[in-house]
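Chain residues, written in single-letter form:
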Amino acid sequence: MNNQTVMTGLFGNPVAQSMSPAMQNAAFQKLGLNFAYAAFPVANENLQDAVNGIKALGFRGVNVTIPHKVEIMAYLDEIDEEAKDIGAVNTIVNDGGKLIGYNTDGAGYVRSLLQETSFRLEGKRVLVIGAGGAARAVSISLARHGVKQIMIANRSVDKAKMLADRAARYTEAKAIDLDNLDSNTLSNTDLLINTTSVGMYPQVDDLPIPREYLHSGLLVSDLIYNPMKTRILKEAAQAGASTHEGLGMFIHQGALAFKLWTGNEAPIDVMRNVVLEKLRG
Ligand code: NAP
């Protein structure tokens, strides 16, 4: 770093475990860009001051993570259309003093899916388990990219309904209570996505749906990347289904943010290797 270094970073709370600094700094280095990325723990009551700091200190931009992805929207000058639809921002670009909010989570997921599998979106029926922040990003992005139908199954069905209403602007969308899910619904599904935290370390033996519902006609995708192969992905492979891991979404959301800040295509392989190294401890 020197007096020309362009600053970027992460606002969240907590941020100590984040892999984004290592991933983004490796990418800047690979392309020989004089950029740096640091993690900033920001308490709720300091969020507006932190956003003002982006302008005051001339940062090029920041990523935003839990718990600030929704609240931060109130402090920005402009919000991109997909981020508005998702209702959350994970990337801010400082465009000559104007702060623009984007959401690269959903688009990062779609990119990962298309690059890492042979799955194509047109005409496909998607079942999303969960209706939290990650489900919103993934469902809205898939709806905007032309899937035929999205069904949202959640434990709290009111949240599933709210998300289905948003997705219905772009495609056929329905909500269902997770308890009412049955094998019939799954037999009419092409892509099943677990967006819940069920199966995440340390509860690695948990399954978000009964394993009997899995079949060979499915692509089963899990947003969790710790562990990389969750139990549902293992059960899906056993049932003859194709699988897609959550790590690619994390890499690609970062790669899209990198492109927004630097104008350059991100070195995906470098970023993936850094994260893999960290995950393997
Ligand atoms: P969130 O907003 O808290 O939503 C959590 C969702 O999981 C809700 O729909 C919740 O249902 C459901 N859920 C939690 N425990 C459950 C249980 N025991 N049974 C059934 N449903 C349960 O969290 P999020 O930010 O969306 O994150 C969700 C997962 O996605 C996490 O594992 C996270 O690591 C992963 N993620 C991955 C990436 C990536 O880049 N790969 C990015 C973001 C998130 P209720 O609404 O009923 O509470």
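What counts, and where the lines are drawn
- Residues numbered from 1 in each chain as written.
- Predicted model: local features only at pLDDT ≥ 70, side-chain atom pairs only at ≥ 80, totals over all residues.
- Heavy atoms only, no water.
- Pairing = 2+ DSSP bridges.
- Helix = DSSP H or I, 4+ residues; strand = E, 2+ residues; numbered from the N terminus.
- Axes fitted to C-alpha atoms, helices over the stretch in contact; angles between N-to-C directions.
- Contact = heavy atoms within 4.5 Å.
- Domains from an automatic or database assignment.
- Buried area = accessible area lost by both parts, 1.4 Å probe.
- Salt bridge = Lys/Arg side-chain N within 4 Å of Asp/Glu carboxyl O.
- Polar contact = N/O pair within 3.5 Å; in protein donor to acceptor, adjacent residues only side chain to side chain.
- Nonpolar A, V, L, I, M, F, W, Y, C, P; charged D, E, K, R; others polar.
- Patch = residues over 30% accessible without salt bridge, like charges linked within 9 Å, V, L, I, M, F, W, Y side chains within 5 Å.
- Areas by Shrake-Rupley, 256 points an atom, 1.4 Å probe, with all protein chains shown as cover.
- Core = buried A, V, L, I, M, F, W, Y, C linked by side-chain atoms within 4.5 Å.
- Buried < 20%, exposed > 50% of the residue type's maximum accessible area, 1.4 Å probe, protein only.
- Near = heavy atom within 4 Å.
- Parallel < 35°, antiparallel > 145°, perpendicular 65-115°, else oblique.
- Left-handed = near helix turned anticlockwise from the far one by under 90°.

## Section: the sheet that holds strand 9 (residues 172-177)
Turning to step 1, where the next piece is worked out: Across the sheet, 6 strands lie side by side as 9-8-7-10-11-12; this open sheet has parallel pairing. The open sheet has two edge strands with one neighbour each: strand 9 and strand 12 (242-244). Direction aside, the axes of adjacent strands within the sheet are offset by 20° on average.
Turning to step 2, where the next piece is worked out: Here strand 7 (residues 125-129) pairs with strand 8 (residues 149-154) via 5 bridges, running parallel. Bridge pairing in strand 8 places L127 opposite M151.
Turning to step 3, where the next piece is worked out: The strands touched by helix 8 (residues 231-238) are strand 10 (191-194), strand 11 (219-222) and strand 12; relative to strand 11, the strand with the most contacts, the crossing angle is about 170°.

## Regarding the domain arrangement of the chain
Turning to step 1, where the next piece is worked out: With domains assigned, the chain is organised as domain 1 (6-103 + 249-280) and domain 2 (106-245).
Turning to step 2, where the next piece is worked out: If you average the C-alpha positions of domain 1 and of domain 2, the two centres end up 26 Å apart.
Turning to step 3, where the next piece is worked out: On the domain 2 side, the residues contacting the 19 residues of domain 1 number 20 residues.
Turning to step 4, where the next piece is worked out: Summing the contributions of domain 1 and of domain 2, the shared interface buries around 1,700 Å²; its carbon and sulfur component is 54%.
Turning to step 5, where the next piece is worked out: Taken together, the links from domain 1 to domain 2 amount to 5 salt bridges.
Turning to step 6, where the next piece is worked out: For the pair domain 1 and domain 2, the number of links is 9 residue pairs in polar contact (both at pLDDT 80 or more).
Turning to step 7, where the next piece is worked out: Mapped onto the side of domain 1 that touches domain 2, the elements with two or more residues apiece are helix 3 (81-86), helix 9 (247-262) and helix 10 (268-279).
Turning to step 8, where the next piece is worked out: Residues belonging to the side of domain 1 that touches domain 2 are distributed by class as follows: 9 nonpolar, 4 polar and 6 charged.

## Points about a nonpolar patch on the surface
Turning to step 1, where the next piece is worked out: Among the surface-exposed residues, M200, Y201 and V204 lie close enough to one another that they form a single nonpolar patch of about 290 Å² accessible area.
Turning to step 2, where the next piece is worked out: Inspection of the secondary structure puts M200 in the loop between strand 10 and strand 11.

## A short note on the sheet that holds strand 1 (residues 6-12)
Turning to step 1, where the next piece is worked out: The 6 strands lie next to each other as 2-1-3-5-6-4, forming an open sheet whose pairing is mixed. Since the sheet does not close on itself, it has two edges, and those belong to strand 2 (35-41) and strand 4 (78-79), each with one partner.
Turning to step 2, where the next piece is worked out: Seen against the sheet, helix 1 (residues 20-30) touches strand 1, strand 2 and strand 3 (61-64) and runs at an angle of roughly 170° to strand 2.
Turning to step 3, where the next piece is worked out: Strands in contact with helix 9 are strand 1, strand 2, strand 3, strand 5 (91-95) and strand 6 (98-102); relative to strand 5, the strand with the most contacts, it is inclined by about 5°.

## Points about the pattern of salt bridges
Turning to step 1, where the next piece is worked out: A complete count under the given rule lists 13 salt bridges for this structure.
Turning to step 2, where the next piece is worked out: The closest approach of N and O atoms between E235 and R231, which form a salt bridge, is 3.0 Å. Note that E235 and R231 are positioned in helix 8 at a spacing of 4 residues, about one turn of the helix.
Turning to step 3, where the next piece is worked out: With its nearest N and O atoms 2.9 Å apart, the salt bridge here joins E265 to K259.
Turning to step 4, where the next piece is worked out: Each of the salt bridges in this network shares a partner with another, and the network as a whole consists of E81, E82, D85, R144 and R169.

## Describing the nonpolar core
Turning to step 1, where the next piece is worked out: Y109, L142, L191 and I193 are the most contacted members of the largest nonpolar core, which has 28 residues in total.
Turning to step 2, where the next piece is worked out: Looking at this core, the element that brings in the most residues is helix 5 (residues 133-144), giving 6 residues.
Turning to step 3, where the next piece is worked out: Residue-level mapping places this core at the junction of two domains, with at least three residues from each of domain 1 (6-103 + 249-280) and domain 2 (106-245).
Turning to step 4, where the next piece is worked out: Apart from residues lying up to four places away in sequence, L191 is in contact with Y109, L113, F119, R125, V126, L127, L142, L219 and S221.
Turning to step 5, where the next piece is worked out: In terms of nonpolar packing, the next biggest core, distinct from the first, is built from 21 residues, M23, V93, F250 and V275 among them.

## Focus: the site of the ligand
Turning to step 1, where the next piece is worked out: Neighbouring the ligand are 21 residues; A134, N154, R155, S156 and K159 lie closest to it.
Turning to step 2, where the next piece is worked out: A distance of 2.8 Å separates an oxygen atom of the ligand from a polar atom in the side chain of N154.
Turning to step 3, where the next piece is worked out: In this structure, G246 approaches the ligand through a main-chain N or O atom, which is 3.0 Å from a nitrogen atom.
Turning to step 4, where the next piece is worked out: For the ligand, whose accessible area on its own is 930 Å², the fraction buried by protein is 72%.
Turning to step 5, where the next piece is worked out: Elements that contribute at least two residues to the shell around the ligand include exactly helix 5 and helix 9.
Turning to step 6, where the next piece is worked out: Split into classes, the residues belonging to the shell around the ligand amount to 10 nonpolar, 9 polar and 2 charged.

## Description of the packing of helix 9 against helix 10
Turning to step 1, where the next piece is worked out: Contact geometry for helix 9 and helix 10: axes closest at 10 Å, N-to-C directions at 130°. Relative to helix 10, helix 9 is oriented oblique. Read as a crossing pair, helix 9 and helix 10 show a hand that is right-handed. Residues L247, G248, F250, I251, H252, G254 and A255 of helix 9 pack against I268, M271, R272, V275, L276 and L279 of helix 10.
Turning to step 2, where the next piece is worked out: Split by residue class, the contact of helix 9 with helix 10 holds 9 nonpolar, 3 polar and 1 charged.

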